[in-house]
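Here are the chains, one letter per residue:
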Amino acid sequence: MTNLKYNSRARKKGIQKAKREKEIKKRKKNGWLFSLNKLNSTIEIKPPIKAPKIFSLTSEPLKTLFFFNQLRVKSNYTNFKGRLSIRISLANVKEIDFASISILKSIMEEAKFSGILFSGDLPKDEYCKKSLVDYGFFKSLVDENKNEINIKSKGEHFSFEKKSGRVTEKDLIYFDKLSTNTFNHIKGTDNPNNYIEDLIVILKEISGNAVEWSNSHNEQWLLGILKEENKVTFTVTDLGKGILETLYVSDKLKILDLFFFRNKIDMLEKAFDRKYGSVSQEVNRNRGLPSIKKAFIENHIKNLIVCTNDVILHFNNYGKTIMLKENLYFQGTFYQWEITNDCNI
C-alpha cells in the first residue's frame, strides 16, 4: 500500500514538473525570463534608443549602423518583471532610405522571434512619415490596440525561411512571378511571359547559399522590394554571422594575405571572386557571391552595395567603400541593388 501511495505521488510530481517545464518554455519563447523557482520581479525602464537625423545606410552609414547595434544590445532593453522590450525614437529623423528600413524591419523580426516587444514614435518631419509609408514600414505591424496595420505602399518586405541550402518549389514560383512583375513594371508592359533571368539567379543563389549558411537566430532572411518609376530596388537582409565570418581561407592564402597586407575589404572582394570557400568547405557553397558580381559587371543590376561584418562595399563607387570600427561591426549580411531601364534585361 505504501509503495502504491509513493508511486502515485511520484507520478503526480512528474506530471506537475512536466507541466511547469512546458510553461517555462512557452513563457521564455514569449520573452518572459524567470528561473525554475520564482518569477523575475525586476523592473528596469530604459530610455528610447534614438535614430540619427540622417537615418540612411547610404548617406550616413556610421551613425545608422551604430543605431542598429544599439538595438541588438540586451542591456538597452527595458525589463518589466521579466518581459523585455525595446523603445525607439524616430522623432528627430529628417531623412530615411529604403536600406535602413529594410534592416530595421529585419531587426524587429529578430526581436519578435525572441519574444521581445518593439515600440516607438514617428518622425515629426512629414516627408519622413510619408517615406515610412512608401517603404512599407507599417505592413505587418500592429497598433496600440493590437490591430494589424495594412497601408498600401510602394515598398514591401517578405520573410523567407532557410531550408538547409535548398530552394523550395514555392520559393522558385515566387521568384519567377517577381521577375515577371519587375520586368513589366520597368518596361511598362503587361506580358506574363516576360521575365528577368538574372534576378531569379541572384535570389536563388542568395537563398540557397549566401544566406543559408550564415546561422541567423531566427532562421529567416528578409527580401525588400521598392517599386518606383522605371526602377525597382531590392534589399536582402540576413542577421546571421555574415560573409567574412563564414569564409574558409586555406593556409596558403593566409600567407599570401599577410605578405600583401590584405585587409577585410580585399577579403570580401575576393569572396565575390570565389577565391575563398565557406567554413563548411562543401563544394556547393559560396557560389552565390560570384553570380551576384557577374550580374553587376554585365549591367543586369546597378548600384550594388554589400554590408557585412567589418565592411561596406560599394561596387559602383569604390571611394564610398569603408572598413568599419569595432563598435560599428554589422552582425549579418545586407545586399542592395537596383534594376532600371538602363540595365540589360
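Check the entry above for the structure.
Not measured: the values here are computed from a predicted model.

Participant: I'm lost on the nonpolar core in this one. Help?
Facilitator: The nonpolar side chains of soluble globular proteins are, as a tendency, buried together. Grouped together as the largest cluster of nonpolar side chains are 39 residues, with contacts concentrated most on Leu223, Phe234, Ile243, Phe272, Tyr335, Trp337 and Ile339. In contact with Trp337, other than residues within four places in its own chain, are Leu199, Ile202, Leu203, Ile206, Val232, Thr233, Phe234, Val236, Ile301, Lys302, Asn303 and Leu304. If you look at the next biggest cluster of nonpolar residues, it comprises 38 residues, including Ala51, Leu57, Ile103 and Phe330.

Participant: Sorry if this is basic, but what is going on with helix H4 (residues 126–134) here?
Facilitator: Quick reminder: α-helices carry 3.6 residues per turn. Residues three or four places apart thus point the same way. Along H4, the residues that are buried comprise Cys128, Ser131, Leu132 and Asp134. Around the axis of H4, the buried residues are gathered within 165° of arc, so they sit on the same side. Two to three positions downstream of the cap, the backbone nitrogen of Tyr127 sits 3.0 Å from a side-chain oxygen, assigning the N-cap of H4 to Asp125. Positive phi shows up at Gly136, right after H4, with a value of about 75°.

Participant: When you look at the packing of aromatic side chains in this model, what are you seeing that I'm missing?
Facilitator: For any pair of aromatic rings, the description consists of the separation of the ring centres together with the inter-plane angle of the planes. Inspection of every chain in the model, using the stated rule, returns 10 aromatic pairs. Ring geometry for Phe55 versus Phe67: centroids 5.3 Å apart, planes at 80°, classification edge-to-face. Here Phe67 lies in helix H2 (residues 61–71) and Phe55 lies in strand S3 (residues 54–55), a separation of 12 residues in the sequence. Residue classification places Phe67 among the buried residues on the basis of a relative accessible area of 1%. Three or more aromatic residues joined by ring pairs form one cluster here, namely Phe55, Phe67 and Phe68.

Participant: I tried to follow the packing of H2 against helix H3 (residues 98–113) on my own but got confused; where do I start?
Facilitator: The geometry of a pair of packed helices is captured by two quantities: the angle between their axes and the separation between those axes. Running from amino to carboxyl end, H2 crosses H3 at an angle of 10°, the nearest separation of the two axes being 11 Å. On the basis of the axis angle, H2 is roughly parallel to H3. Only Ser100, Ile103, Leu104 and Ile107 of H3 make contact with H2, whose side of the interface consists of Thr64, Phe68 and Leu71. Residue composition of the contact of H2 with H3, grouped by class: 5 nonpolar, 2 polar and no charged.

Participant: Would you take a moment to explain the pairing of strand S5 (residues 83–89) for this structure?
Facilitator: On a regular strand, one side chain projects to one face of the sheet and the next to the other, so that they alternate. Judged by how many residues are buried, S5 sits mostly within the fold: 5 of 7 residues are covered. Two strands pair when backbone bridges link them, and strand S2 (residues 49–50) and S5 are joined in this way by 2 bridges, in the parallel orientation. The residue bridging Lys50 from the neighbouring strand is Ser89, located in S5. Where strand S4 (residues 78–80) folds back on S5, the antiparallel hairpin that results is connected by 2 residues, among which Lys81 adopts a positive phi of roughly 55°. Summarising the sheet, S5 and strand S7 (residues 117–121) pair through 5 bridges and their orientation is parallel. Bridge pairing in S7 places Ile86 opposite Phe118.

Participant: Explain unusual backbone geometry here, please?
Facilitator: Leave glycine aside and you will find that most residues have negative phi; peptide bonds, for their part, are mostly trans. Backbone geometry places Asn303, a non-glycine residue, at a positive phi of 50°. Residue placement: Asn303 occurs in strand S13 (residues 302–309). What makes Asn303 partly exposed here is its relative accessible area of 27%.

Participant: How do you make sense of the sheet that holds strand S14 (residues 311–314) when you look at a structure like this?
Facilitator: Consider a sheet: its strands pair through backbone hydrogen bonds, and that pairing is either parallel or antiparallel. Read across the open sheet, the 7 strands follow the order S8-S9-S10-S16-S13-S14-S15; overall the sheet is antiparallel. The strands lining the two open edges of the sheet, one partner per strand, are strand S8 (155–161) and strand S15 (322–323). Where strand S10 (residues 231–238) lies against strand S16 (residues 330–340), 8 bridges are found, and the strand directions are antiparallel. Considered in S16, the bridge of Val232 is made with Ile339. Contacting S13, S14, S15 and S16, helix H8 (residues 264–272) crosses the sheet at an angle of about 55° to S14.

Participant: What's the story with a nonpolar patch on the surface in this structure? I'm lost.
Facilitator: A contiguous nonpolar patch, built from Ile43, Ile45 and Phe80 and spanning about 310 Å² of accessible area, is present on the exposed surface. Locating Phe80 in the fold gives a position in strand S4.

Participant: Would you take a moment to explain the environment of Thr42 for this structure?
Facilitator: The topology assignment puts Thr42 in the loop between helix H1 (2–29) and strand S1 (43–44). Overall, Thr42 belongs to the partly exposed group, its relative accessible area being 35%. Considered as a pair, Thr42 and Gly82 are 40 residues apart in the sequence and their alpha carbons are 6.5 Å apart. Those residues in contact with Thr42 that lie beyond four places of it in its chain are Asn79, Phe80, Lys81 and Gly82.

Participant: Would you take a moment to explain a positive patch on the surface for this structure?
Facilitator: Together, Lys53, Lys63, Lys94 and Lys124 line one region of the surface with positive charge. Within the secondary structure, Lys53 is located in the loop between S2 and S3.

Definitions and limits used
- Residues numbered from 1 in each chain as written.
- Predicted model: local features only at pLDDT ≥ 70, side-chain atom pairs only at ≥ 80, totals over all residues.
- Heavy atoms only, no water.
- Core = buried A, V, L, I, M, F, W, Y, C linked by side-chain atoms within 4.5 Å.
- Buried < 20%, exposed > 50% of the residue type's maximum accessible area, 1.4 Å probe, protein only.
- Contact = heavy atoms within 4.5 Å.
- Helix = DSSP H or I, 4+ residues; strand = E, 2+ residues; numbered from the N terminus.
- Arc of directions from axis to C-beta.
- Polar contact = N/O pair within 3.5 Å; in protein donor to acceptor, adjacent residues only side chain to side chain.
- Phe/Tyr/Trp six-rings, centres within 6.5 Å; stacked < 30°, edge-to-face > 60°.
- Axes fitted to C-alpha atoms, helices over the stretch in contact; angles between N-to-C directions.
- Parallel < 35°, antiparallel > 145°, perpendicular 65-115°, else oblique.
- Nonpolar A, V, L, I, M, F, W, Y, C, P; charged D, E, K, R; others polar.
- Pairing = 2+ DSSP bridges.
- Patch = residues over 30% accessible without salt bridge, like charges linked within 9 Å, V, L, I, M, F, W, Y side chains within 5 Å.
- Areas by Shrake-Rupley, 256 points an atom, 1.4 Å probe, with all protein chains shown as cover.
- Salt bridge = Lys/Arg side-chain N within 4 Å of Asp/Glu carboxyl O.
- Lys, Arg positive; Asp, Glu negative; His and termini not counted.
- Charge placed at Lys NZ, Arg CZ, Asp CG, Glu CD.

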